[in-house]
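Each chain, written out:
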Amino acid sequence: MSDEEIRSLYLRELHKIAPEVDPKEIDPAVDLREQIDLDSMDILNLAVAIHEATGVDIPEADYPQMTSLNGCVAYLHARTS
Amino acid sequence: MPSLGADMEVGTVLQWLVKPGDAVKRGDIVAVVDTEKATIEVEIFQTGVIQKIVVPEGEKVPIGTLLAVLTTDGEAAAAAPEAKPKPVAPPAPPRPVPPPVMAKPAPPRPAPAPVAAKPPAPPKTAAPHRMHISPLAMRIALDLKVDLSTVTGTGPDGAITKADVERAAKAPPAPAPAPPVAARAAAPAAAAAKPATAPVDRTATMRKVIAAAMARSKREIPHYYLGNQIDMSKAMSWLTAENLKRPVTERLLYSVMLLKAVALAIHEVPEVNGFWKDGAFVRSEAVHVGVAISIRQGGLIAPAIHDVNQKSLSEIMVNLRDLVKRVRAGTLRSSEIADATITVTSLGEQGVESVFGVIYPPQVALVGFGKIVERPWASGGMVGARPVVMASLSGDHRASDGHRGGLFLAAIERLLQEPEKL
């Protein structure tokens with residue numbers, strides 16, 4: 001997957017979890033838990049959605065890397081390239 | 001208009017998902033209703049055919065108001081209240097009404113085929129014809145009086161987002177709207193040109209509703225509070241090992257163990273599960289656990305997971321995931337709002353260590369959990385670091401007392417020491 005595809009996927013799934021959030025206002029470097037008050041259930045739902053879309057198994061210990069857009073891009077880039 | 005809790009007095013029909021002539025079965029979602037706390041999907045509890053829509057989209061009515069007429073199997077249409085006898089209900093609006101603000105049933109896309117007059121179709125299973133828009137955006141559109149048929153969605157797959165609605169609300173009204181497509185010709189023309197008015201402050205409205213319910217609770221319910229620190233080392237070790245065996249889609253959060261432990265502990269102390277009604281405690285045989293879920297824009301709501309005592313941890317997890325997702329997306333169901341027999345709230349993720357909550361009337365108990373923190377813990381003459389959570393009970397002293405409440409918390413603690421049996 002290209003980085004752009006990963007970004008698009010991430011924002012699409014984030015929109016389903018937090019429809020009130022404008023994707024354009026997301027700071028890709030900042031933890032979404034601090035930025036838009038995501039909680040553990042939201043992060044789990046995000047991990048599940050990304051797993052279902054990419055087939056990448058994301059261990060629980062790696063969830064913290066899913067909490068920012070840049071972190072997720074780097075994580076998935078390394079596993080899908 | 002169903003009552004969706006002690007704190008609800010009115011509701012607004014946001015969207016009908018059925019039309020006259022549609023066949024519906026028990027459990028179908030037939031409408032989306034906006035309350036002061038949340039957007040709720042209204043389920044139907046009878047199987048039959050929709051005879052008439054009585055309350056149009058966009059109208060606010062008190063609870064108890066007739067929303068629609070349903071003819072159940074074998075029932076004559078003429079028997080329905082206010083329903084005029086009709087051989088086969090044509091899909092016509094029941095009466096002239098102010099145009100709903102979200103009347104267009106599809107996102108703005110090139111129309112592939114002309115809209116032709118449809119012959120009366122035989123009753124069929126209700127097929128929801130939702131707009132491609134989040135309930136939140138829809139609710140904001142209602143507040144801001146934005147005609148959604150004029151809004152272009154910029155979200156994924158053309159979905160109308162909150163930002164799209166807010167942008168449309170700020171935009172100056174179009175001087176002369178283009179002639180609408182044929183399907184809209186029947187709608188009064190005034191609809192599209194409705195100017196945006198002062199927005200409703202959702203957070204303030206929700207706070208007002210919460211304030212009323214909580215003030216009532218504190219005024220009427222003699223609360224007592226108990227707290228118990230619980231060693232979570234066995235539960236967390238079991239959970240970590242269990243999640244390693246599970247695919248990402250089936251992993252558990254520790255909160256499902258807490259919910260199950262609460263539900264099972266109710267078997268031992270049933271007087272914390274039920275309602276205070278007409279001066280007496282009414283025990284509930286069913287254990288429907290309300291889960292307090294915060295709404296990011298402010299406020300909270302506590303919809304129920306049904307029959308938690310009878311479900312596996314995996315089933316509770318599926319229910320909880322679905323519930324949280326729908327709370328945040330604004331698509332709760334009416335039964336989930338009204339049915340909770342006890343509430344559980346966890347504020348651990350906010351760093352809170354102890355929670356002493358306010359009971360949601362007419363319930364008689366609320367269980368709180370704080371953050372799991374490492375604490376020195378003495379056991380067998382040795383002191384070690386253990387993950388510990390503070391479990392608390394807010395109890396209604398009319399329905400139970402501190403002794404029974406203490407037994408309830410002790411049962412929760414005991415159950416969490418054998419997580420594999422949950």
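### Some remarks on the overall build of chain A
A tally of helices and strands in chain A yields four helices and zero strands. Helices and strands in chain A line up, N terminus first, as α-α-α-α. Taken over 81 residues, chain A has a buried fraction of 31%. Summarising the internal contacts of chain A: among those between residues at least 6 apart in sequence, 57% fall at separations of at least 24.

### A short note on the interface of chain B and chain A
Contacts between the two partners involve 21 residues from chain B and, on the opposite side, 21 residues from chain A. Among the secondary structure elements, those contributing two or more residues to the side of chain B that touches chain A are α1 (135-144), α2 (162-170) and α6 (313-329) of chain B. If one sorts the elements of the side of chain B that touches chain A by residue count, α6 of chain B sits on top with five residues. Broken down by class, the residue content of the side of chain B that touches chain A amounts to eight nonpolar, six polar and seven charged.

### Focus on the confidence of the model for chain B
All names here are of chain B. Within chain B, residue pLDDT values average 78, and 74% of them lie at 70 or more. No element of chain B has a lower mean pLDDT than α1, which averages 69, and none a higher one than helix α8 (residues 402-416), which averages 98. The complex prediction reports pTM at 0.69, with the ipTM value standing at 0.78.

### Regarding the sheet that holds strand β3 (residues 29-34) of chain B
In spatial order, the strands read β6-β1-β3-β4-β15 (chain B); together these five strands make up an open sheet with mixed pairing. Looking at the sheet topology across the chains shown, the edges are occupied by β6 (60-62) and β15 (332-333) of chain B.

### Quick notes on the pairing of strand β4 (residues 39-43) of chain B
Side-chain positions along a regular strand alternate between the two faces of the sheet. Residues and elements named next belong to chain B. β4 sits mainly inside the fold: four of its five residues count as buried. Sheet analysis places β3 next to β4, joined by five bridges and oriented antiparallel. Pairing of Ile 29 across the sheet is with Glu 43, part of β4. As paired elements, β4 and β15 share two bridges and run parallel to each other. Residue pairing in the sheet places Ile 40 in a bridge with Leu 332 of β15.

### Some thoughts on the nonpolar core
All names here are of chain B. Membership of the largest hydrophobic core comes to 109 residues, with the highest contact counts inside it found for Leu 259, Val 262, Val 289, Ile 305 and Ile 412. Among the elements that make up this core, the one with the highest residue count is helix α5 (residues 254-268) (ten residues). Of the residues that make up this core, three or more belong to each of domain 1 (10-200) and domain 2 (222-421). Ignoring sequence-local partners within four residues, the contact set of Ile 305 consists of Leu 259, Val 289, Val 291, Ile 316, Asn 319, Leu 320 and Leu 323.

### As for helix α3 (residues 40-54) of chain A
The terminal C-alpha atoms of α3 of chain A, which comprises 15 residues, lie 21 Å apart, in line with the 21 Å expected from a rise of 1.5 Å per residue. Along α3 of chain A, the residues classified as buried are Met 41, Asp 42, Leu 44, Asn 45, Leu 46, Ala 47 and Ile 50 of chain A. Looking at the buried side of α3 of chain A, the elements it contacts are α1 (3-17) of chain A together with α6 of chain B. Just downstream of α3 of chain A, Gly 55 of chain A is the residue with a positive phi angle, here 80 degrees.

### A short note on the packing of α1 of chain A against α3 of chain A
Residue and element names in this part refer to chain A. The contact between α1 and α3 brings their axes to 10 Å, and the two run at 135 degrees. Regarding the angle of α1 to α3, the classification is oblique. Viewed along their axes, α1 and α3 form a crossing whose handedness is right-handed. Here α1 contributes Leu 9, Glu 13, Leu 14 and Ile 17 to the contact with α3, which in turn contributes Asp 42, Asn 45, Leu 46, Ala 49, Ile 50 and Ala 53. Its residues assigned to classes, the contact of α1 with α3 comprises seven nonpolar, one polar and two charged.

Here is what the cut-offs are and how they apply
Residues numbered from 1 in each chain as written. Chains lettered and ligands numbered in written order. Predicted model: local features only at pLDDT ≥ 70, side-chain atom pairs only at ≥ 80, totals over all residues. Helix = DSSP H or I, 4+ residues; strand = E, 2+ residues; numbered from the N terminus. Buried ≥ 20, exposed ≤ 12 C-beta atoms within 10 Å, placed from the backbone. Contact = placed C-beta atoms within 7 Å. Nonpolar A, V, L, I, M, F, W, Y, C, P; charged D, E, K, R; others polar. pLDDT = per-residue confidence, 0-100. Pairing = 2+ DSSP bridges. Core = buried A, V, L, I, M, F, W, Y, C linked by C-beta atoms within 7 Å. Domains from an automatic or database assignment. Expected span 1.5 Å × (residues − 1). Axes fitted to C-alpha atoms, helices over the stretch in contact; angles between N-to-C directions. Parallel < 35°, antiparallel > 145°, perpendicular 65-115°, else oblique. Left-handed = near helix turned anticlockwise from the far one by under 90°.

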